[in-house]
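Architecture at a glance
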Amino acid sequence: MLSEVLLVSAPGKVILHGEHAVVHGKVALAVALNLRTFLRLQPHSTGKVGLNLPNIGIKQAWDVASLQLLDTSFLEQGDITALTPEQVEKLKEVAGCPEDCANDHKWLAVLAFLFLYLSICRKQRWTEEDLELINKWAFQGERVIHGNPSGVDNTVSTWGGALRYQQGKISSLKRPPALKILLTNTKVPRSTKALVAGVRNRLLKFPEIVAPVLTSIEAISLECERVLAEMASAPTPGHYLVLEELIDMNQHHLNALGVGHASLDQLCQVTTAHGLHSKLTGGGGGGCGITLLRPDLQRLEVEAAKQALTGCGFDCWETSIGAPGVSVHAATSLDAPILQALDGI
Amino acid sequence: MGRANVALAVALNLRTFLRLQPHSTGKVGLNLPNIGIKQAWDVASLQLLDTSFLEQGDITALTPEQVEKLKEVAGCPEDCANDHKWLAVLAFLFLYLSICRKQRALPSLDVTVWSELPPGAGLGSSAAYSVCLAAAFLAACEEIPNPLKDGEPTSRWTEEDLELINKWAFQGERVIHGNPSGVDNTVSTWGGALRYQQGKISSLKRPPALKILLTNTKVPRSTKALVAGVRNRLLKFPEIVAPVLTSIEAISLECERVLAEMASAPTPGHYLVLEELIDMNQHHLNALGVGHASLDQLCQVTTAHGLHSKLTGGGGGGCGITLLRPDLQRLEVEAAKQALTGCGFDCWETSIGAPGVSVHAATSLDAPILQALDGI
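What you are looking at is a predicted structure, and each value in this text was computed from that prediction instead of being measured.

1. Considerations on the pairing of strand 4 (residues 37–42) of chain B
Residues and elements named next belong to chain B. Direction of pairing for strand 3 (residues 27–32) relative to strand 4: antiparallel, over a ladder of 6 bridges. Counted as the bridge partner of Asn31 is Lys38 from strand 4. Joining the antiparallel neighbours strand 3 and strand 4 is a turn of 4 residues, in which Gly36 adopts a positive phi near 70 degrees.

What follows is the structure, given as C-alpha cells:
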C-alpha cells in the first residue's frame, strides 16, 4: 500500500455517431470527453476510511476496524452479480443506506465506493494489462450503480480516445485525433428509456421508412471512423468539412427518428448562425449536444458562439474529445480550481 | 427522384383561368395580366404563313429555323428564350396555329389568362397555362365537345378528351421548358393525385381533397443547382445517401396507401400518419442538403401552431405545404397564416387533390376572378 497522495482523473464520454441506431445492432462511435473527474486519495493513519463527494454533498467515513471485521468472503469473485440479495443488503447496511437507497444515486456512489474499496484493497500501478484490470473493476462499479450497463462508458473512460461499439463488441480506434468541441447541456430533462422505446415503435410502425435511416446512420459512423483514421496521420481542413457534413446529416436523421427537441433545434440554429455544426449526443429529447470547433476558428468566434448558447439558458463547456483515458497526476500539475474543489472549498 | 424512386404529385387548387372570346375582328389576341403581356396578330397574316412544319404537332420536330420563324411571328426580341413572358407567347402561338390550322380559316378570338399561381415557384403555373390553352383551342375548334350543360356551374371532359388535351398541353410545355417530365401537365389535366416513377405516370384512384396552407418563402433558388447538389452528395457518400432516398420512397408509398384508405373512410388517425410522414420527409430533405433557413423558419412557425410542414419541389427556398387537419379551429388556421405572412412569406389557404381541367359557366365564377379576366 502506497503512502503518498495519489491524484487520478478520468474523462467522461460522448457518443459521436450511432446513438439510437446502436440499439438496433448498428455501430456507434464513443469518444472520451475531456471534462474530467478527479480523485485524490490521501492515505493516513486515522483508522478511518472517508469518502468526500463535494458535487453531490456526500461526506461519509467508516471505521477501518469495523470494516475489517466484516465477513467479506462474498467479495471473493469480485463479481457484483454473484452477490446474493442478503449480501447486497449487508453492503447497504455497512454503507448506512436508508431503506429506499437504490433510487438515490448518491447512495449508489457510496455503495460502489465501498464495494471497490473492500474488494480491491483486501488483497492487499499503466500498462494495457493494468488498464484491463482497472476497467474490469470499473465495470463492476458501474453494475452497482446501473444494474445492467453496456460497459462502453467505463471502457472509454479507462482507455480514452475513441472506440467503436457494436452488438456488445468494443474495440479501440487507433490514435484518433483530439477534436475541439463545445459541449452544451440544454438542461431539458428527458427519459432515455422513453426515447429509445419511441424509436422502436416508429420502426415497428414504418419499417420500410425507418430501417434505411438506421442504415444511413451506421454508414455515417463508419465514414467518420474512416476520416478519423486518416486524420491520425495528416489532418486537413477537408477532413473537418466532412466531419461537419456527417454531423449535419446525422442530426437530421435523429430528428427523423423522433428524438429531437425544440431546445436542440435552438442549439443547432444558434451554432449554425456562427458557422458551426452541431448534433445531439446520447438520448436526445433535450440533454446534450456537441459542436465541432475547426482548428482555423478565431477565438472571438468561439467566444461569441459560447455566449449565444449560454444566452439561451444552456450550460456550455469548451473542451475536446478523443481525450486521454484514466491518468495519474502530480499535485503540482493540476489547476488551482481543481485542487480547491478536492479540498472542499 | 432520379433512381428507381416514386414521387407523388397532387393537383393544387390554386387555378389558372382562361377566357376565350370568339369574334370577327380579324385579329387573334392574347392578354396575360399577371405578367403584363397584351399582344394581337392579324389572322390574315398568320393564315399566309407556311405552317406545314406544324404538321406533326410535335414541337421537337421543329428545326431551329422554324423555331426562329415562330419567334419572328410572335414579335420576340433576340434573347427571348430566357424571358418567360415570351415563352408564354410562343406557347400560345404554337398551340393556336397547330390546333386551329385544321379549320378552313384561322378563327379570330381573344384569349385572356389569369392565374392564382405565382410563376417560377415550382407550382406548375406554365403547365396549367398550357392545359387551359389546349383545352380552349380544342373546344373552340370543336375537336372536343364543350361538356358544360345548361344550368351547370362547371363540368369536365371524358377520359379520351382529357388524353387529347394533355397531349397538346405537353407540347406547350415543351415550348416553355424544353424537356419537361410531363408530370405537371398530367396532374393539371387529370387533377387528384398521381404517382410518377421512371417516366411512368399513373393516377391515384379518388384521393381525398386535403386542405393545406401553401407558403411561398419567395427565396429564389436554382432547382438545377439543388438537384446537382444532391447528386454530388450521393456520389460522395453513397452508403449514407442511398438509404435516405430509399426511405423517402417508402414515405411516398406509405402516403399512397393512406390516401387510398382515406378515399373510403378518412379517420383522425390517417391525418396523424400523414403528419408523421411529412415530418420525416422534411428531415430527409434537409439531410440531402436542400433545406434552407427560410424553410426551417416556415416549419418552426407552423410547429408552434401544432401543424406539420415540408418543403415542396426543389427546396433551397421556394414553397412549403402545411397540412390542415379537419378538426382545426378557424382561429388556429388564421393565427398560423398570420404568423407566416408575418415572416414576409406569401400564404394561401387552399387544397390538394383538386379537380383537373374544367369548364365553368361565367355566372359560377367569383367576382374577383371575373374582374381579373376583364383586366380590372
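2. Regarding the domain arrangement of chain A
Residue and element names in this part refer to chain A. If you check the domain split of chain A, you get domain 1 (6–174 + 330–344) and domain 2 (179–321). Distance between the C-alpha centres of domain 1 and domain 2: 28 Å. Taken together, the contacts link 23 residues of domain 1 with 34 residues of domain 2. It is His17, His20 and His24 in domain 1 that bury the most area against domain 2; as a group they hold 29% of the surface buried on that side. Here domain 1 and domain 2 share 2 salt bridges between them. Here Glu225 ties to Arg164 by a salt bridge, and the two come within 3.2 Å at their closest N and O atoms.

3. Some remarks on unusual backbone geometry
Residues and elements named next belong to chain A. A positive phi angle, near 70 degrees, is found at His20, a position not held by glycine. Relative to the helices and strands, His20 resides in the loop between strand 1 (6–17) and strand 2 (28–41). In this structure, Gln167 is a non-glycine residue whose phi angle is positive, near 45 degrees. Its location among the elements puts Gln167 in the loop between strand 5 (162–166) and strand 6 (169–172).

4. A short note on the environment of A:Ile170
All names here are of chain A. One can find Ile170 in strand 6. Relative accessible area serves as the criterion here: at 32%, Ile170 is assigned to the partly exposed category. Put simply, Ile170 and Gly285 are 115 residues apart on the chain and 26 Å apart in space, counted from C-alpha to C-alpha.

5. Quick notes on the pattern of salt bridges
Per the counting criterion, the structure on display carries 31 salt bridges over all chains. The partner of B:Arg257 in a salt bridge is B:Glu261, with the nearest N and O atoms 2.7 Å apart. Taken together, the residues span about one helical turn, with B:Arg257 and B:Glu261 both in helix 8 (residues 238–264) at a distance of 4 residues. For B:Arg257, a relative accessible area of 42% translates into the label partly exposed. Relative accessible area serves as the criterion here: at 38%, B:Glu261 is assigned to the partly exposed category. Within the structure, one salt-bridge network assembled from shared partners comprises A:Arg299, A:Glu303, A:Lys306 and A:Glu318.

Parameters and conventions
Residues numbered from 1 in each chain as written. Chains lettered and ligands numbered in written order. Predicted model: local features only at pLDDT ≥ 70, side-chain atom pairs only at ≥ 80, totals over all residues. Heavy atoms only, no water. Pairing = 2+ DSSP bridges. Helix = DSSP H or I, 4+ residues; strand = E, 2+ residues; numbered from the N terminus. Domains from an automatic or database assignment. Contact = heavy atoms within 4.5 Å. Buried area = accessible area lost by both parts, 1.4 Å probe. Salt bridge = Lys/Arg side-chain N within 4 Å of Asp/Glu carboxyl O. Buried < 20%, exposed > 50% of the residue type's maximum accessible area, 1.4 Å probe, protein only.

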